[in-house]
Amino acid sequence: MYSKAVDFIKSKITVQPRIGLILGSGLGGVSERIEEPQALDYKDIPGFLSSTAPGHEGRLIFGRLSGKPVVCMQGRFHLYEGYDVKDIVFPIRVMKLLGVETLIITNAAGGINTDYNVGDLMIVGDHINFMGENPLVGANEQAFGTRFPDMSKAYDPALRELVKEAVDGVDIRLREGVYLACKGPSYETPAEIRAFRIWGADAVGMSTVPEVIAAVHCGVKVLALSLITNMAAGVLDKPLSEQEVIEIGSKKSGELQKLIRNLVELL
Ligand code: HPA
């Protein structure tokens, strides 16, 4: 199944990517900075799902970013869209087979840590999987990795340090914290957010964790960055809206792009 996708891609694309990018809600802008881009629609790639979430385009873009060969998922798949978690991580394994060694993920997240502000960027240091699903359930794909992968350094420490260098000259406040993933699509309740805070979560979102688990399993180094697009439910006395998430995403997208380009240059 994977080889069909890989063969199809190799028949169309000349770039051999070393770095993979997955861009979150409203954060697809960096893909426009890819030089000599070659794009494939998800719907044309065997085994790929199509993206339905707003702000997600549904294309795989190959090319160069800061001189490095990259592949970028413009738009990602979410559990709340009703997909099987295995299909959600299919592209990660395809990236691995194409030669990707490092995966950079961005997402939009709600701030649980009350020291955080909207517009901050959180380097994910660790996660809490509250999705109730794991992409590795079922027969282990031994060719990709071991049955019980170690998750104690899921978010590569060296990459996390590198972000702190790459932020030089970028107008964005960096944080480092724990990302908690919920399935969605409803936002969390204030009671849930209070509970998650006690657990040690700093931000909450509806993505990333399945991709990270699949990447760690197959030995791809991971960096994840959460843009705090809103304070989580109950932190402020106002309702949460998708509009705010998209709005903050596009407002900060330029600085996030700069940061990612700096970072890729350092890789
Ligand atoms: N909760 C869950 N997912 C999110 C949020 C949130 O507050 N903001 C952006 N994505």
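Anything mentioned here points back to the structure above.
Residues numbered from 1 in each chain as written. Predicted model: local features only at pLDDT ≥ 70, side-chain atom pairs only at ≥ 80, totals over all residues. Heavy atoms only, no water.

A. Representation of the overall build of the chain. Within the chain one finds seven helices and nine strands. Whereas a compact globule of 267 residues would reach a radius of gyration of roughly 18 Å, the chain reaches 17 Å, a difference of no more than 12%. Over its C-alpha atoms, taken along the principal directions, the chain stretches across nearly 55 × 45 × 35 Å. Residues classed as buried in the chain amount to 57% of the 267 residues present. Counting contacts in the chain only where the partners sit at least 6 residues apart, residues at least 24 apart contribute 82% of the total. Summed over its atoms, the accessible surface of the chain is roughly 11,400 Å², and 49% of this surface lies on carbon and sulfur atoms. Across the chain, 28 positive and 33 negative side-chain charges occur, with their mean positions spaced 3 Å apart. (Helix = DSSP H or I, 4+ residues; strand = E, 2+ residues; numbered from the N terminus. Rg over C-alpha atoms; globule rule 2.2 N^0.38 Å. Buried < 20%, exposed > 50% of the residue type's maximum accessible area, 1.4 Å probe, protein only. Contact = heavy atoms within 4.5 Å. Areas by Shrake-Rupley, 256 points an atom, 1.4 Å probe, with all protein chains shown as cover. Lys, Arg positive; Asp, Glu negative; His and termini not counted. Charge placed at Lys NZ, Arg CZ, Asp CG, Glu CD.)

B. Representation of the nonpolar core. Formed by 54 residues in total, the largest nonpolar core has its most connected members in Ile9, Leu60, Phe62, Val94 and Leu103. Broken down by element, the residue count for this core peaks at six residues, all from helix H6 (residues 209-217). Listed in part, the 29 residues of the second largest apolar core include Ile104, Ile123, Leu259 and Leu263. (Core = buried A, V, L, I, M, F, W, Y, C linked by side-chain atoms within 4.5 Å.)

C. Spatial organisation of the environment of lysine 10. Locating lysine 10 in the fold gives a position in helix H1 (residues 2-12). For the pair lysine 10 and leucine 98, spaced 88 residues apart in sequence, the C-alpha to C-alpha distance is 8.2 Å. Apart from the residues lying within four places of it in its own chain, the contact partners of lysine 10 are Leu97 and Leu98.

D. View of the pattern of salt bridges. Throughout the structure, instances matching the rule amount to 13 salt bridges. Among the ionic pairs, lysine 43 bridges to aspartate 44, the shortest N-O distance being 3.9 Å. By sharing partners, the salt bridges in this structure join Arg160, Glu161, Lys164 and Glu176 into a single network. (Salt bridge = Lys/Arg side-chain N within 4 Å of Asp/Glu carboxyl O.)

E. Structural view of the site of the ligand. Every residue close to the ligand is listed here: Ala108, Ala109, Gly110, Tyr187, Glu188, Val204, Gly205, Met206, Thr229, Asn230, Leu240 and Val245. One of the side-chain N or O atoms of glutamate 188 is found 2.8 Å from a nitrogen atom in the ligand. Side-chain polar atom of asparagine 230 to a nitrogen atom of the ligand: 2.6 Å apart, as the coordinates give it. Mapped onto the shell around the ligand, the elements with two or more residues apiece are strand S5 (102-111), strand S8 (203-205) and strand S9 (221-231). (Near = heavy atom within 4 Å. Polar contact = N/O pair within 3.5 Å; in protein donor to acceptor, adjacent residues only side chain to side chain.)

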